[in-house]
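For reference, the chains in residue letters:
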Amino acid sequence: MTQISYGLFSELLLVRIHGRAEAYLQASSAERLALVAACRGEATVPDLAQRILSRTIYAQASSRIGPLRELLQNALDASPPGARIDVRSTEDGREISVADQGRGMSRTELLADLLVPFRSGKAGEPDAIGEHGIGFFSALEIAPWIEVVTATPSGGHRLLVAPLGAGPPYEDFSWTLLSLPRSSAAPLPSGLAGAAAPPRRSTTGTSVRLSLAQPISRPALAAEVAAAVGLVDPAVARIYVDGALVNTARARLRRAAEVPLRLPPSGELCGALELLVGRGDGVEPQLTITQKGLTVATRLDPFLGPELGLHRELARAITAAGFGLVAELPLAVPLNKGRSAVAASASTAVEAALVAAFERFILRDALYDRELLRAVDHRLSSVLDRLVQAALLGESITIASAQAVDELDPGARTPTVAAPEQVIRFASGLLDAPLFRSIVVDAGPRPPGAALSPLLGQLHARSAPLTLRELLKAHRDGVLRPLEASLPGHARSAARAPLGAAAAPEAAGREAPGARPGELVYLAMDEPLAQAFWRRLATEGAASPPLAEAAAAAPQRPASAAPCPMPRTSRDALLSIAAEVPGVRAVAAAMTVIERIEAAISEAADLPTSPIWVHQDLYGPDEMAHTDGSGISVNLASSRVRTLLTAVLLRDDAAAFTALTDLLLHEKTHVSLASYVPRPTAEHGTSFYRRKDWMRRRLLAAIASGAVADPMRWLAVARRGLASAALPAPAELSRAFQSAAAAA
């Protein structure tokens, strides 16, 4: 005989609050009504249970993906390794079901755990994800009518959930529980006959059928399920949506780094954060944070804040090439109740571990992955090119990379190439990573101009993986040469030998293999980074003598010099007030170049042009500033701006011109956003960088199609009649404007 029970969600919660849940489950229908009435009479707040239910149901999910993830998470926790989980929908999109082949649920588990918030039947299970006991309730927000059919080895049950009152939000939900004969314990839910027939079901399992408040199309359902569980390892479970396998992306990922994770305040080790990298179908070019493969959160920009400027640029270079980064959290890391972010108590530890894992990935993996390097060729080369430029200018980069989470020092400061006033942690690690294949040759007596190839058989040569710092020293010493293409077999083999243990960055105590007195260094030119490095050195030596000498003679601002403020000034005012200051003509020429870049950006993005001004230290140390959305002002006291302007005035330096364009794109994005959104929203964030990338793509497309003239063509016009590329000393400009103000 079929046993039928019924009641309300609020009653189950009420008797749990008053400690009478066991008596309620064992009582008859009449006895249950008496128990509920007694609990209501004792309650200080009569509708407390309804309030808790409402906040539990309607305060978790911001989209449909959240409830789907919760249901699939429950199915994963209940299923054995490698089991099949089926998500199916009707043709009209009104109903979907999630079916697993797990252990099923008993009557007590259904009423005491599933339908009571903050009660989880997974306590003590080390491989289970659920912990809050509220995941099932999130499904009621998108599907107020739910049917659960479950089977255990001892029997089966059918649970029906329906809303009460007008809604949403609904004031309460009723439940009806029926016992089922063993033979029909786990049928395919009715109404799903239009879906493809599922495979033969196991003898146990659970099927949850949702009657949706809003229909969903099958492609949209597949996309949302893939967003929630697409990174789950198929060895854990194979997840199908209407017969198609959706979690196939894991095979395209490889482990790139692993960092131990300790949770505050005890500092107890809770496992390791794994960083995976890959690209292809199902791997989005972004950072995805997962736990047991289930998506927790996604970030287009993994690293925010000025202290992670170099990390951010490297991550953008990698994701722009189509690679995705996945941070897999250990199960012991707590998440918030909506499982959309790491709990606040653990967020700091997770962020520190993520930074350390990314550093290890770059220093120990990415810089030796030739496939990845070639994919991010010009992007990654441009980032390292800034390090080369900084080293050639004599900037000090001495802080070594953190090698473990415990060694991370948030207070460590060092200049970055992107902005010398900002901070980075592992620029030194990049400079000291043995990235470049080369041959070090004992020069000995050698005829002037003699080629290397005929002499390799006679001279002592050794293969050496050199660091960027060592190559720069060899360049300064005048002993660096490009490796010739026509080499004897043994030398070619030595140059192309894979970087082995000696090249591994873990070998911190290795003897520096750079050139000793009397040796020459020959750099293998078959790698993208080596080619980019050599192009930079060649560009450095290509300046015309008069302008190069003038630039060398230009007064430089010491790094520790006091600020030299100068008000925001137009070109006409600059020439009127400070025409006698040496170098002002070079500033006017540079402003012409900047105006052409800004005009090209504006035309490509269908924006009005912005006036260009110059200033010194008026808005702090930033290279440029957007002035209340009305225009863009350039800080002439910034060492980076001075370097870039000097480089573009000296010669057609593509790297410097690109960096200058990026600065203009950044400020133009601020200007465009400040014109129609509140100022705080226009600051750095996901929407900001999306718009900046959109403007960059528009500019490149417009130049490629000929719709916009390449602003680099204006370099020759700006240099016309310019005798010197030396910029004025910041202190002299400041004095000129102070004198003008005093005279006025």
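Residues numbered from 1 in each chain as written. Predicted model: local features only at pLDDT ≥ 70, side-chain atom pairs only at ≥ 80, totals over all residues. Heavy atoms only, no water.

Describing unusual backbone geometry
Following P264, the chain continues to P265 via a peptide bond in cis, the omega torsion being 0 degrees. Locating P265 in the fold gives a position in the loop between strand 10 (253-263) and strand 11 (268-278). A positive phi angle is found at K292, which is not glycine, with a value near 60 degrees. Following the sequence through the fold, K292 ends up in the loop between strand 12 (287-291) and strand 13 (294-299). Residue K292 is classed as buried on the basis of its relative accessible area, which comes to 18%. (Helix = DSSP H or I, 4+ residues; strand = E, 2+ residues; numbered from the N terminus. Buried < 20%, exposed > 50% of the residue type's maximum accessible area, 1.4 Å probe, protein only.)

As for the confidence of the model for the protein chain
Scored by pLDDT, the protein chain has a mean of 76; 72% of the residues are at 70 or more. Ignoring residues within four places in sequence, the model shows residues 193-201, a span with pLDDT below 50, making 17 contacts including any to other chains. This stretch, residues 485-512, has a pLDDT under 50; its non-local contacts, to residues over four places away or in other chains, come to 39 contacts. (pLDDT = per-residue confidence, 0-100. Contact = heavy atoms within 4.5 Å.)

A closer look at the sheet that holds strand 22 (residues 632-635)
Here four strands make up an open sheet; going across it, the order is 19-20-22-21 and the pairing mixed. Every other strand in the sheet has two partners, leaving strand 19 (566-569) and strand 21 (624-626) as the edge strands with one partner each. Strand after strand, the sheet turns through a mean of 20 degrees between neighbouring axes, direction not considered. Sheet topology places strand 20 (residues 612-616) next to strand 22; four bridges connect them, and they run parallel. (Pairing = 2+ DSSP bridges. Axes fitted to C-alpha atoms, helices over the stretch in contact; angles between N-to-C directions.)

Comments concerning the sheet that holds strand 11
Ordered in space as 10-11-14-12-13, the five strands form an open sheet in which the pairing is mixed. The sheet is open, and its two borders are formed by strand 10 and strand 13, each paired with just one other strand. Each adjacent strand pair in this sheet contributes to an overall mean axis angle of 25 degrees, direction not counted. As paired elements, strand 10 and strand 11 share 10 bridges and run antiparallel to each other. The residue of strand 11 that forms the bridge with R262 is L269. The strands that helix 10 (residues 344-364) touches are strand 10, strand 11, strand 12, strand 13 and strand 14 (324-329); relative to strand 10, the one it contacts most, it runs at about 140 degrees.

Here's the deal with the pairing of strand 8 (residues 237-241)
Burial of strand 8 is extensive: four of the five residues sit out of reach of the surface. Both strand 2 (residues 83-89) and strand 8 contribute to a ladder of five bridges, which runs parallel. Considered in strand 8, the bridge of I85 is made with I239. Pairing of strand 8 with strand 9 (residues 244-245), which is carried by two bridges, proceeds in the antiparallel orientation. Bridged to Y240 within strand 9 is L245. Between strand 8 and strand 9, which follow one another and run antiparallel, lie two residues, and D242 among them has a positive phi close to 50 degrees.

Comments concerning the pattern of salt bridges
Following the criterion strictly, the structure yields 23 salt bridges and no others. For R88, the salt bridge is made with D86, and the minimal N-O distance between the two is 3.5 Å. Classification of R88 as buried rests on a relative accessible area of 3%. On the basis of relative accessible area, D86 is assigned to the buried category, the value being 8%. Residue E351 pairs with R299 through a salt bridge whose shortest N-O separation is 2.4 Å. Separated by 52 residues along the polypeptide, E351 in helix 10 and R299 in strand 13 bring together distant segments of the chain. On the basis of relative accessibility, which here comes to 30%, the residue E351 falls in the partly exposed class. A cluster of three or more residues bridged by salt bridges with shared partners is formed by E95, E147, R158 and R209. (Salt bridge = Lys/Arg side-chain N within 4 Å of Asp/Glu carboxyl O.)

Re the packing of aromatic side chains
Under the counting rule described, the total for this entry stands at four aromatic pairs. Pairing F9 with F173 gives two aromatic rings, centres 5.9 Å apart and planes at 35 degrees, and the pair type is tilted. Residue F9 is found in helix 1 (residues 9-17), and its partner F173 is found in strand 6 (residues 172-180); the two are separated by 164 residues along the sequence. For the residue pair F9 and F173, the accessibility class agrees, reading buried in each case. (Phe/Tyr/Trp six-rings, centres within 6.5 Å; stacked < 30°, edge-to-face > 60°.)

Some thoughts on the side chain of S211
Position of S211 among the secondary structure elements: in strand 7 (residues 205-211). Excluding anything up to four places from it in sequence, S211 contacts R94, E95, I142, A143, P144 and W145.

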